[in-house]
Amino acid sequence: MPALPAPATSDWLRVFAPRPAARTRLFCFPHAGGGASAFRELADAAPPEIEVIAVQYPGRQDRFDEPPVTDPDVMVGALLRAVTPRLDRPAAFFGHSMGATLAFETARALRPRHPNAVVHLFASARKAPHVDQRDRTRLPYTDTDTDALMAYVRRLGGTGAGLLELPELRELALPTLRGDFQLLARHRFVPGAPLTCPLTVITGADDTSCTPGDAAAWARHTIAGHRVHTFPGGHFYLEGRSAALMEYLTDRLGPDLAGDRHDRHA
């Protein structure tokens, strides 16, 4: 797939609730098939010190007329170009499901030029990259059978799964969902130096796609501390729980909001 042109940040990033006095920007990376609007309520729940910036991948919502990106290197390169202009303040990354993989890889890609830009990585409802690499053959990412794909989406649950039961919406959404699954299937974890920011894994208590063991395995990817937090619910535990989730994220970002983090551009 040819490389994408350098995107305008307005194409890739959405700020639903501006926080002019924010000390930290929280970049949120959606799940497969999801869009920036998944984080609208989280943005509304943010305190004045945190501005939520939601990533909008091509192929959905107001970017529906663009083809989905199925090459992980192209996707991470585009994300890198999109977030870099917003690093004038400390950045935290929150990625849900597929978004956790992309947030992790974007944080790694930022490190050579902006080693301290990301002050915290939140990986939500996702296996650690090296575990996902090992287990990929047991996951239906490459299924082209619509019934098999729908069965997998139903197991994950969430509002989106219910909407896909409507034939007209399913036909519109399936190309994007398949594109995202192709991206995940093509992702290859390359071992490298661990992150230097804290890493918090957030899971749903009933989510069989990310077990406590999966969450613990993320520890090898940082030298700055690893923590696991579990909310009630399944894979989409965050739906209807934006206020509680933001309260937890704010608590974890406390030292950075107080300005205790070392120079982000050192």
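Located above this text is the structure these notes cover.
Residues numbered from 1 in each chain as written. Predicted model: local features only at pLDDT ≥ 70, side-chain atom pairs only at ≥ 80, totals over all residues. Heavy atoms only, no water.

1. A few points about the overall build of the protein chain
If you tally the helices and strands in the protein chain, you get eleven helices and seven strands. With 266 residues in all, the protein chain has 53% of them scored as buried. Counted over contacts in the protein chain with a minimum sequence separation of 6, partners at least 24 positions apart contribute 81%. When the accessible surface of the protein chain is totalled, it reaches about 11400 Å², and 54% of it is carbon and sulfur. (Helix = DSSP H or I, 4+ residues; strand = E, 2+ residues; numbered from the N terminus. Buried < 20%, exposed > 50% of the residue type's maximum accessible area, 1.4 Å probe, protein only. Contact = heavy atoms within 4.5 Å. Areas by Shrake-Rupley, 256 points an atom, 1.4 Å probe, with all protein chains shown as cover.)

2. Some points on the packing of helix 3 (residues 72-83) against helix 4 (residues 98-110)
Where helix 3 contacts helix 4, the axes come no closer than 9 Å and their chain directions differ by 65°. When the axis of helix 3 is compared with that of helix 4, the two are roughly perpendicular. Between helix 3 and helix 4 the crossing geometry is right-handed. Where helix 3 approaches helix 4, its residues M75, V76, L79, L80 and V83 are matched on the opposing element by L102, E105, T106, A109 and L110. Residue classes in the contact of helix 3 with helix 4 are distributed as eight nonpolar, one polar and one charged. (Axes fitted to C-alpha atoms, helices over the stretch in contact; angles between N-to-C directions. Parallel < 35°, antiparallel > 145°, perpendicular 65-115°, else oblique. Left-handed = near helix turned anticlockwise from the far one by under 90°. Nonpolar A, V, L, I, M, F, W, Y, C, P; charged D, E, K, R; others polar.)

3. Focus on the pattern of salt bridges
A full pass over the atoms with the stated rule returns eight salt bridges. Across the salt bridge formed by R14 and D62, the nearest N and O atoms sit 3.1 Å from each other. Here the residue R14 occupies a position in strand 1 (residues 13-14), and D62 occupies one in the loop between strand 3 (50-55) and helix 3, the gap between them amounting to 48 residues. Salt-bridge contacts for K127 lead to D214; the nearest nitrogen and oxygen are separated by 3.0 Å. Here K127, found in the loop between strand 5 (118-124) and helix 5 (129-135), pairs with D214, found in helix 9 (residues 212-216); they are 87 residues apart in sequence, far enough to count as distant. The residues K127 and D214 share a single accessibility class, namely buried. Among the charged side chains, a network of salt bridges with common partners joins R25, E51, D88 and R89. (Salt bridge = Lys/Arg side-chain N within 4 Å of Asp/Glu carboxyl O.)

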